[in-house]
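# Remarks on the overall topology
This is what each chain is made of:
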Amino acid sequence: MNTITDTHYNFPNQKSVYKGKVREVYNIDDELLVMIATDRLSAFDVVMPRGIPFKGQILNQIATKMMKATEDLVPNWLIDTPDPNVAVGHLCKPFKVEMVIRGYLSGHAAREYKAGKRTLCGVAMPDGMKENDKFPNPIITPSTKADNGAHDEDISREEILAEAIVTEEDYLILEEYTRKLFQRGTEIAADRGLILVDTKYEFGKTKDGKIVLIDEIHTPDSSRYFYAEGYQDRQQKDEPQKQLSKEFVRQWLISNGFQGKEGQEIPEMNNEYITSVSERYIELYENITGEIFEKADVSEVEKRIENNVLQYLQK
């Protein structure tokens, strides 16, 4: 259970550190960002007390592969990956919104729909749908990018523009990039026998004003996948879809009385459950990438990361 859940590095020319729910981002000389994917597990915007073995490596390596598979469509922040848990890229100023795009009525959208709502983030959802049905066209349902510890909130395009969170000119680019990335992600998933159900993208601006994709892309933390085989049959029989995402963690938490609401206690995750979550993440990796997952040496994981980053920065 040797996991990395918190880092305290002091790299040369380090200006600051930002600690997100899962990633820790080191600003190097206001030029580079060193992003470390920890093994922290977040659900309902709450970080769980224990880390998941190899989760950070899995997320980092999927995101890297997907950035490379989409860089012809949308520019991204990534320069290199000097360690299995580390990505290094250009310093960017993040937009304060997450671009969520949904091809199917699942997860949060399905929960809102069941509660009787027929619009989400100002976007209409057709009547007569059941959970996990495909939308006629993918819908973009943005959320605010909350500071650490706070909940992300649904927000409409109109509110984003009215509150001047993003300019209209930039927002049109964010929408265009979101749709292009989702289309490519859908094609990549189909090649693996999967359906990309929904996902979120984050964008930032480089120093020279270019809008680029940042953070992660098409990982099981940021995306939901179904197995394509049997999808239609399960829908017709009103059976739950077989899926690859973090939803299995959320469902386990819900069944144990936790949804991140005030006064609720996080249920205990014992070693057996932690191991099962790790195994599910490895399954996710292998299905999403089509490659066998190779576990990195985690005997001295914090030292390993530090050495690899220092070697990279010295170059």
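See the structure printed just above.
Scope of this entry: the structure provided in the associated data block. Residue positions are counted from 1 within each chain, in the order its sequence is given. Given that the model is predicted, a residue must reach a pLDDT of at least 70 before its local features are reported, and side-chain atom pairs must reach 80 or more before they are shown or counted; all residues, however, enter totals for whole chains, interfaces and linings. The side-chain numbers reported here are obtained from all heavy atoms of the structure, hydrogens and water having been left aside.

### Quick notes on the overall build of the chain
Defined as follows: For helices the rule is a DSSP run of H or I covering at least 4 residues; for strands it is a run of E covering at least 2, with both sets numbered from the N terminus onward. Both definitions apply: the radius of gyration is a C-alpha atom measure, and the globule rule equals 2.2 Å times residues to the power 0.38. Any two residues whose heavy atoms approach within 4.5 Å at even a single point are treated as in contact. The Shrake-Rupley method, run with a 1.4 Å probe, gives the accessible areas here. Residue values count only the displayed protein chains as cover.
The helix and strand inventory of the chain stands at 8 helices and 17 strands. At 19 Å, the chain has a C-alpha radius of gyration in line with the 20 Å of a compact globule built from 315 residues. Here the C-alpha coordinates of the chain stretch approximately 60 × 50 × 45 Å along the principal axes. Counting only contacts in the chain whose residues sit at least 6 apart along the sequence, the fraction spanning at least 24 positions is 63%. Surface accessibility of the chain: about 14900 Å² in total, with carbon and sulfur atoms responsible for 46%.

### A closer look at empty space enclosed by the protein
Operational definition: Cavity: a set of points on a 1 Å grid over the protein atoms alone where a 1.4 Å probe fits but cannot get out. Pocket: an open set with protein on both sides within 12 Å along at least five of seven lines, its lining residues, like those of a cavity, having an atom within 4 Å of a point. Grid points are joined across faces, edges and corners, and a volume is the space filled by probe spheres set on the points. Under the convention adopted here, Pro, Cys and the residues Ala, Val, Leu, Ile, Met, Phe, Trp and Tyr are nonpolar, Asp, Glu, Lys and Arg are charged, and Gly plus all remaining residues are polar.
All chains considered together, the criterion is met by 2 cavities of 30 Å³ or more. Estimates place the volume of the largest cavity at around 90 Å³. Every residue lining the largest cavity is counted, 13 residues in all, and those nearest its centre are N60, A63, W77, A87 and D215. Counting residues per element, the lining of the largest cavity draws most heavily on helix α1 (residues 55-70), which supplies 4 residues. Split into classes, the residues belonging to the lining of the largest cavity amount to 8 nonpolar, 3 polar and 2 charged. Empty space within the second largest cavity amounts to approximately 50 Å³. Along its surface, the second largest cavity is lined by N2, I4, D39, F54, Q57, N85, A296, V298, V301 and R304. Partitioned by chemical class, the residues of the lining of the second largest cavity number 5 nonpolar, 3 polar and 2 charged.

### Here we look at the pattern of salt bridges
Counted only if it meets this: Any Lys or Arg side-chain nitrogen located within 4 Å of an Asp or Glu carboxyl oxygen qualifies as a salt bridge. Summary of the burial criterion: residues with accessible area below 20% of their type's maximum are buried, those above 50% are exposed, and those between are partly exposed, where the area comes from a 1.4 Å probe applied to protein chains only.
On inspection of all chains with the given rule, the structure shows 27 salt bridges. Among the salt bridges present, the one from D221 reaches K55, with a minimum N-O distance of 2.9 Å. Residue D221 is found in the loop between β15 (211-214) and β16 (223-227), and its partner K55 is found in helix α1; the two are separated by 166 residues along the sequence. Each member of the pair, D221 together with K55, is buried. Its salt-bridge partner being E175, residue R157 comes within 3.2 Å of it at the nearest N-O pair. Of this pair, R157 sits in helix α3 (residues 157-162) while E175 is found in helix α4 (residues 168-191), placing the two residues 18 residues apart along the sequence. You can call R157 partly exposed: its relative accessible area is 29%. Members of the salt-bridge network, linked through shared partners, are D6, K19, E24 and R40.

### Quick notes on the layout of surface pockets
Here the second largest pocket defines a volume of roughly 240 Å³. Lining the second largest pocket are 15 residues, and of these G107, E131, Q243, E247 and Q251 sit closest to its centre. Those elements giving two or more residues to the lining of the second largest pocket turn out to be α2 (107-114), β16 and α6 (247-255). Of all the elements, α2 adds the most residues to the lining of the second largest pocket, at 4 residues. Counted by class, the lining of the second largest pocket contains 4 nonpolar, 6 polar and 5 charged residues.

### A few points about the nonpolar core
Applicable threshold: In this text, buried Ala, Val, Leu, Ile, Met, Phe, Trp, Tyr and Cys residues form a nonpolar core when linked through side-chain atoms within 4.5 Å.
One finds W77, L174, F203, V249 and Y281 to be the most contacted residues of the largest nonpolar core, which totals 61 residues. Here this core takes 8 residues from helix α7 (residues 271-289), the largest share from any one element. Setting aside residues no more than four positions away along its own chain, W77 makes contact with L33, M35, M67, A87, V88, G89, H90, C92, V212, L213, I214 and D215. With 13 residues, the next largest nonpolar core counts Y26, V34, V301 and V309 among its residues.

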